[in-house]
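Survey of secondary and tertiary structure
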Amino acid sequence: TSYNDWNNYSSKTNIDLTGSLDSVLIDDETAPPISDGSFSYSSCAVPPQNPSLIHDGNEATSMSLGCAGDYAEWNFGETKTIAQVKTLAVEVDTEIGTTPEFSVQYWNGSLWIELYTTTNMSYTWETHNISPAVESNKIRFVHQMNPFGSPDEAVDFFETIVSSNALGLLTSSPSQIG
C-alpha cells in the first residue's frame, strides 16, 4: 500500500510497507476513532446522569456509576470493529481502602461478552488493545463490585475513545510482523 493511501485511511491493510527496511509503521496515532452513535445508561446515582458525557471530548465532564451493575452503553448505530479502548475514570471513595472495578463489554448479537476488567481509576488514561479485534454494534462499561466485595464504590467516568484499529504500533523490523 502507498504511504499516502495509508496515511489518508484509504488503505485496507493499515500497514505502511513503503518505509525503510528497518522500520515498519502499523497504523497511525491520528487514525480517527469511532465517533457516531447514541448513549444510554442505568445508574443509581442522583441526580440523573448524561451518558454522552463519556464521549464528549471534554475530560472535565463525567457521569457517575454508583452501584454494582450500573452501566453506560454506547450504541454505534452499525457494526464496527473494536480494536482499542481508552478510558479515563476515577474512583469516588466511599469505603476507604477498597478499589472498585468496571468491565468493558461488547454485544455479540445475543450476549454481552467481556473484553477486559480494570481497577485503574486514578484519573489517568488507560489503553487496552483488543486482540483479536471484535465486531459489534455496541459496547458498554459496567461498574462491578470491587475485588474485595464492597458494592458501594462509585466510579466517575470521564471519557472513552473506541478505535477500529490499534493505534501507534511500531515495529523495528519487518521480521517482527508475524
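To keep things clear, this report deals only with the structure shown in the data block. All residue numbers here refer to positions counted from 1 along the written sequence of the relevant chain. Totals for whole chains, interfaces and linings use all residues, but because this is a predicted model, local features are given only for residues with pLDDT of at least 70 and pairs of side-chain atoms are given and counted only at 80 or more. Water and hydrogen atoms were dropped before computing side-chain values, which therefore reflect all heavy atoms in the structure.

With that settled, consider the overall build of the protein chain. A run of H or I in DSSP counts as a helix once it spans at least four residues, and a run of E counts as a strand once it spans at least two, with each numbered from the N terminus. On a plain count of helices and strands, the protein chain comes out with one helix and ten strands. When the helices and strands of the protein chain are read in sequence order from the N terminus, they spell out α-β-β-β-β-β-β-β-β-β-β. Residues counted as buried form 39% of the 178 residues belonging to the protein chain. Throughout, a residue-residue contact means that at least one pair of heavy atoms, one from each residue, lies within 4.5 Å. Taking as baseline every contact in the protein chain between residues at least 6 positions apart, the subset at least 24 positions apart corresponds to 72%. Accessible surface computed for the protein chain: about 9,000 Å², of which carbon and sulfur atoms make up 51%. Per-residue accessibility, obtained with a 1.4 Å probe over protein chains only, is compared with the maximum for each type, and a residue is labelled buried under 20%, exposed over 50%, and partly exposed between these values. Accessible surface is estimated by sampling points in the Shrake-Rupley manner with a 1.4 Å probe; for residues, cover comes only from the protein chains shown.

Turning next to the pattern of salt bridges. Salt bridge, as applied in this entry: a Lys or Arg side-chain nitrogen positioned within 4 Å of an Asp or Glu carboxyl oxygen. Within the structure shown, the criterion is met by three salt bridges. The shortest N-O distance in the salt bridge between Glu73 and Lys138 comes to 3.8 Å. On the criterion of sequence distance, the pair formed by Glu73 in strand β5 (residues 71-92) and Lys138 in strand β8 (residues 126-144) is long-range, its members being 65 residues apart. Here the two residues Glu73 and Lys138 agree in accessibility, since each one is buried. Where Glu78 meets Lys80, a salt bridge forms, and the shortest distance between an N and an O atom there is 3.1 Å. Each of Asp36, Glu78 and Lys80 takes part in a single network of salt bridges with overlapping partners.

On to the pairing of strand β7 (residues 112-118), then. Both strand β6 (residues 101-107) and β7 contribute to a ladder of six bridges, which runs antiparallel. By the bridge assignment, Ser103 is partnered in β7 with Thr117. A pair of strands is considered paired only if DSSP assigns at least 2 bridges between the two.

A separate point is unusual backbone geometry. Of note, the bond from Ser131 into Pro132 is cis; its omega dihedral lies within 30 degrees of zero at 0 degrees. Structurally, Pro132 can be placed in strand β8.

A word on the nonpolar core. The criterion is simple. A nonpolar core is a set of buried Ala, Val, Leu, Ile, Met, Phe, Trp, Tyr and Cys residues joined through side-chain atoms within 4.5 Å. Grouped together as the largest cluster of nonpolar side chains are 22 residues, with contacts concentrated most on Ile82, Val85, Phe102, Ile139 and Phe141. Only β4 (63-65), β5, β6, β8 and β9 (154-163) provide two or more residues apiece to this core. Here the element with the most residues in this core is β5; it accounts for six residues. In this structure Ile82 touches Phe76, Tyr106, Leu115, Ile130, Ala133, Val134, Ser136, Ile139, Val162 and Ser163, once residues within four positions along its chain are discounted.

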